[in-house]
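# Architecture at a glance
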Amino acid sequence: MASSGDYEQGEKSSEMVIPQPSTFYKIISQFVVNKAWDGSPLVLNPNEGAAMPETPNGSMILAYENKSTENNQGKIALTSGGSDPIFLVAPALTNQPSFYSYNWQSNNLNVTNISPPNTDTPIRIQAIGPGMPGQKPFPLPADGTSVPLKTYDSAQGMASGGLSQLIFQCRASTLAVFVLIGGPPDTSGNNSYAFQVNASADTGPGTGKTPPPGYYATSRGNNCTFEFQWGGATVFVANLSAETVTNTAVILRSL
Amino acid sequence: MENAFMPPPTVLQTESAGFTGLKTVLPWSGAPLTLQQFDQAVMNQAPNGSLVFEYLNVTVTTNAGALSLTSAGSPTKYLQAPALIFRPGIFINNWQGNNLNVTNTSTASNTPIYIAAIGPGLPGISPSKLTANAPAVTLPIFAAAQGIAQSNNNILQLQASASTITIFVIVGGPTDATGNNAYVVAVNDSVDGNTGPGTGIPAPEGYYATTTSNGYSFPAPWPGATLFVANLSPATSVQATVRLISL
Amino acid sequence: MTTAIKQEYDTEYSEFMLNATTPWTGAPLTLQQFDQAVLAQTTNGSLVLGYLNMTTTTNAGALTLTSAGSPMKTPQAPAGQGRPLFEVYNWQGNNLNVTNTSTAANTPIWISAIAPGLPGVNPAPLAANGPAVTIAVWAAAQGIAQSNNNILQLQTSASTIGVFAIIGGPTDATGNNAYIIAVNDSFDGNTGPGTGVTPPPGYYATTTGNVYSFPAPWPGATIFVANLSPITSTTNTVRLISL
């Protein structure tokens, strides 16, 4: 027999009511170590969370890396507004950021380390994108100057109005990963692109092959190029390769 | 007829002057270098064109040798380097401007492998001038000469005065289906004999031709092409020359 | 069981029940029948557990593994094996109790367990394209793969069997990323990839030679290599080559 009225704690009701997140979660967002997280690099131990009060209204990349010295697989939960959490696995001992790119449309974002408690599973998080506080991009000239970038470094510049080209480069026999934010957003409001160089195959536009999930293109060579015409737009690039990868750089030039 | 087994050639170790054997990763320009087991030569940027890679197992025992070549995201290329042969192995490839790592992955410890690589795009190579229908130009080891073919039909006259095997590299003309246009000719090659075009016998892997005599006439039917000729012999005692004849 | 029967059972077998419960780090240990080793906390990743029935008779051995609320596992430990068997599993940070539940008294079972970061395991640095590193029994070396293609050169100098455990790279469908290799293994011969012969349970490969080249195509990954030989007199070395 359905009862009427609102749900009160302790009162049984056979009518289904959606509980509020703050009374529902016991771990997610309950042990926030930084309530005003600006995206700067931050390490969360299991159960700890970070709260970003307002995300950009555009693409933002959340980079997360399991820093455990044990082979403890990690996991984070992302919540924003009233959404259901998104769970992301942070594999152990990769020495490499994983990343999740999204447009949270100015809503808040909470990141919680939900790895098993009392295990050594710290997870480093960082929010990456143009204008994120706590980030210092190198200047990226549009004249073809090569800008070296280590892992987590970024570079930002202004592309000319005409046809331009970005070159992502790693002169070594090891996989390297770059992300780009810029240009007009797509229908889901995103304008971020991820690239691999020294990958096992050429994939993406012009190759006839589908890139791996989350990637725009991959190149088997040391260089991956991206041509665009965004009419004098800001171009932001970050290196999200494994931390031991060297000889990486980005180049922006007009064609 | 010379004995097929010759003492290991005296190799230049210009890259490894001061090499104490403790470093295993060596920056490499392509100049002749001997890699001990597990040593690695790293060329950050290979030319965007044909590069001739030469290798020779210089062990004095019977240890078979092996090399692993990696570049960017390409699959590893494995090369076998048999012991006690005196003709170097040749691998021609266009690494398209990517890095090239060469590692001695031989299974036995006493397996030094001599390596060298040359091509027109290699930094540090300053070819001397090769004028058509002019006197022959001397080519020291790991040096090159370069000139322009003046006629429809041209001949590169390759000559070596010593009695030891001499390896010539020619790069020029149109590229083939693999994107390469490099040719390797061995003269004074008593072990392989006469092989390649016109002999009815296939040349060894990577080679265009071999001959027992000390000269070879290489046809270059590429009017106007720039021709690059280098001496990639693994021995120092060779006097090699090249003459360009435009018919 | 009725209470009476249970009382009789307990009285009859009390002297044999749980002879010893030992707090355990994973270091090599021999469990007599009914002995138990307790590893209080595992990692949330692959744990490599090796075991070898050391009986000089033909007594078949058995272990029982329990952890938190998981269903128990009961690996069998046949007699007369020339090298350890292995159980690779992710115990998700929970405890692991290992009990020798062999049916006969004279069935000692050697056990050893290792994972990166287990307390008491301090791996030596393993530099890519650096010298070979010697690893003692139940010790490890750990380094970072620098290229897309890397090789772990596993070698033992003696003529007795050498057993290596490699942990690293992406996890498989079972959530594990451990690989066990035996060298100088005349008991099994050449098994594993490239041989056409299935390796023993838990093993990636075995070889009669004293060297094995293990391919590790995991750029940037931390690779952990441990010596889980049951014999202390072997000198086991590992070298990491990043091509």
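Residues numbered from 1 in each chain as written. Chains lettered and ligands numbered in written order. Predicted model: local features only at pLDDT ≥ 70, side-chain atom pairs only at ≥ 80, totals over all residues. Heavy atoms only, no water.

## Re the overall build of chain A
Of the regular secondary structure elements, chain A holds one helix and 19 strands. C-alpha extents for chain A along the principal axes are approximately 70 × 40 × 35 Å. Per-residue burial over chain A gives 50% buried out of 255 residues. In the structure as shown, chain A presents an accessible area of about 11,700 Å², 53% of it carried by carbon and sulfur atoms. (Helix = DSSP H or I, 4+ residues; strand = E, 2+ residues; numbered from the N terminus. Buried < 20%, exposed > 50% of the residue type's maximum accessible area, 1.4 Å probe, protein only. Areas by Shrake-Rupley, 256 points an atom, 1.4 Å probe, with all protein chains shown as cover.)

## A look at the pattern of salt bridges
A complete count under the given rule lists five salt bridges over all chains for this structure. With a closest N to O distance of 3.3 Å, Lys67 of chain A and Glu243 of chain A form a salt bridge. Linking Lys67 of chain A in the loop between β4 (60-66) and β5 (74-79) with Glu243 of chain A in the loop between β18 (234-239) and β19 (248-254), this pair joins segments that are 176 residues apart in sequence. In this structure, the salt-bridge partner of Arg83 of chain C is Asp188 of chain C, at a minimum N-O distance of 2.5 Å. Of this pair, Arg83 of chain C sits in the loop between β6 (76-77) and β7 (85-90) while Asp188 of chain C sits in the loop between β15 (178-183) and β16 (205-206), and the two are 105 residues apart along the sequence. Classification of Arg83 of chain C as buried rests on a relative accessible area of 4%. (Salt bridge = Lys/Arg side-chain N within 4 Å of Asp/Glu carboxyl O.)

## Describing the domain arrangement of chain B
The accessible area lost on association of the parts is a frequent measure of interface size. All names here are of chain B. Per the domain assignment, the segments of chain B are domain 1 (14-118) and domain 2 (128-246). Taking the mean C-alpha position of each, domain 1 and domain 2 sit 23 Å from one another. Contact with domain 2 buries area across many residues of domain 1, yet Phe86, Arg87 and Ile118 alone supply 38% of it, more than any other trio. If you look at where domain 1 meets domain 2, you find one salt bridge. (Domains from an automatic or database assignment. Buried area = accessible area lost by both parts, 1.4 Å probe.)

## Notes on the confidence of the model for chain A
For chain A, mean pLDDT is 89; residues scoring 70 or higher make up 91% of the total. Counting contacts from residues 1-13 of chain A, a segment whose pLDDT is below 50, to residues more than four positions away or on other chains yields eight contacts. (pLDDT = per-residue confidence, 0-100. Contact = heavy atoms within 4.5 Å.)

## Quick look at the interface of chain A and chain C
Listed by partner, the interface residues are 18 residues for chain A and 19 residues for chain C. The contact between chain A and chain C buries some 1,500 Å² in all, and 40% of this surface belongs to carbon and sulfur atoms. Per-residue buried area on chain A facing chain C is highest for Asn71, Leu93 and Thr244 of chain A; these three make up 35% of the total on that side. The interface formed by chain A and chain C includes zero salt bridges. Put simply, chain A and chain C have 13 residue pairs in polar contact (both at pLDDT 80 or more) between them. (Polar contact = N/O pair within 3.5 Å; in protein donor to acceptor, adjacent residues only side chain to side chain.)

## Concerning the interface of chain C and chain B
Each side of the interface is counted separately: chain C has 10 residues, and chain B has 13 residues. When chain C packs against chain B, the two sides together hide about 870 Å² of surface, and 55% of this comes from carbon and sulfur. Joining chain C to chain B, the criterion identifies six residue pairs in polar contact (both at pLDDT 80 or more). Going through the elements one at a time, β13 (150-156) and β19 (236-242) of chain C are the ones with two or more residues in the side of chain C that touches chain B. Residue contributions to the side of chain C that touches chain B peak at three residues, all from β19 of chain C. Partitioned by chemical class, the residues of the side of chain C that touches chain B number three nonpolar, six polar and one charged. (Nonpolar A, V, L, I, M, F, W, Y, C, P; charged D, E, K, R; others polar.)

## Remarks on the side chain of Asn231 of chain B
Residue and element names in this part refer to chain B. Tracing the sequence through the fold places Asn231 in strand β18 (residues 226-231). Side-chain polar atoms of Asn231 contact the side chain of Ser233, separated by 2.7 Å. Apart from residues lying up to four places away in sequence, Asn231 is in contact with Leu139, Pro140, Ile141, Phe142, Ala143, Thr166, Ile167 and Ala240.

## Re unusual backbone geometry
Even without a glycine there, the phi angle at Asn47 of chain A is positive, about 85 degrees. A residue is classified by how much of its surface remains accessible, and Asn47 of chain A, at 21% relative accessible area, is partly exposed. Positive phi is not limited to glycine here, since Asn188 of chain B has a value of about 55 degrees. Locating Asn188 of chain B in the fold gives a position in the loop between β15 (182-187) and β16 (209-210).

## Side note on the confidence of the model for chain B
Residue and element names in this part refer to chain B. For chain B, per-residue confidence averages 88 on the pLDDT scale, and residues scoring 70 or more make up 89% of the total. Mean pLDDT per element in chain B: strand β1 (residues 25-27) is the minimum at 90, and β16 is the maximum at 98. Note that residues 1-22 has pLDDT below 50 and, in this model, 38 contacts with residues that lie over four places away or in other chains. Scored as a whole, the predicted complex attains pTM 0.83, and scored at its interfaces, ipTM 0.78.

## Overview of the pairing of strand β15 (residues 192-197) of chain A
Residues and elements named next belong to chain A. Burial analysis of β15 places five of its six residues in the buried class, which makes it a mostly covered element. Where strand β14 (residues 176-182) and β15 come together, six bridges link them in antiparallel fashion. Bridge pairing in β15 links Ala176 to Val197. Relative to strand β16 (residues 217-218), β15 runs parallel, the two being bridged by two bridges. (Pairing = 2+ DSSP bridges.)

## Considering the domain arrangement of chain A
All names here are of chain A. In terms of domains, chain A is made up of domain 1 (22-128) and domain 2 (138-254). Each of domain 1 and domain 2 was reduced to a C-alpha centroid, and the two centroids are 25 Å apart. Contacts between the two partners involve 17 residues from domain 1 and, on the opposite side, 17 residues from domain 2. Of the roughly 1,400 Å² buried between domain 1 and domain 2, counting both surfaces, carbon and sulfur atoms make up 56%. Interface area lost by domain 1 to domain 2 is led by Ser59, Phe99 and Ile128, which between them contribute 38%. Applying the counting criterion to the domain 1 and domain 2 interface returns one salt bridge. Between domain 1 and domain 2 we count nine residue pairs in polar contact (both at pLDDT 80 or more) in total. Elements supplying a minimum of two residues to the side of domain 1 that touches domain 2: β4, β7 (98-102) and β9 (123-128). Of the residues belonging to the side of domain 1 that touches domain 2, the class tally is six nonpolar, eight polar and three charged.

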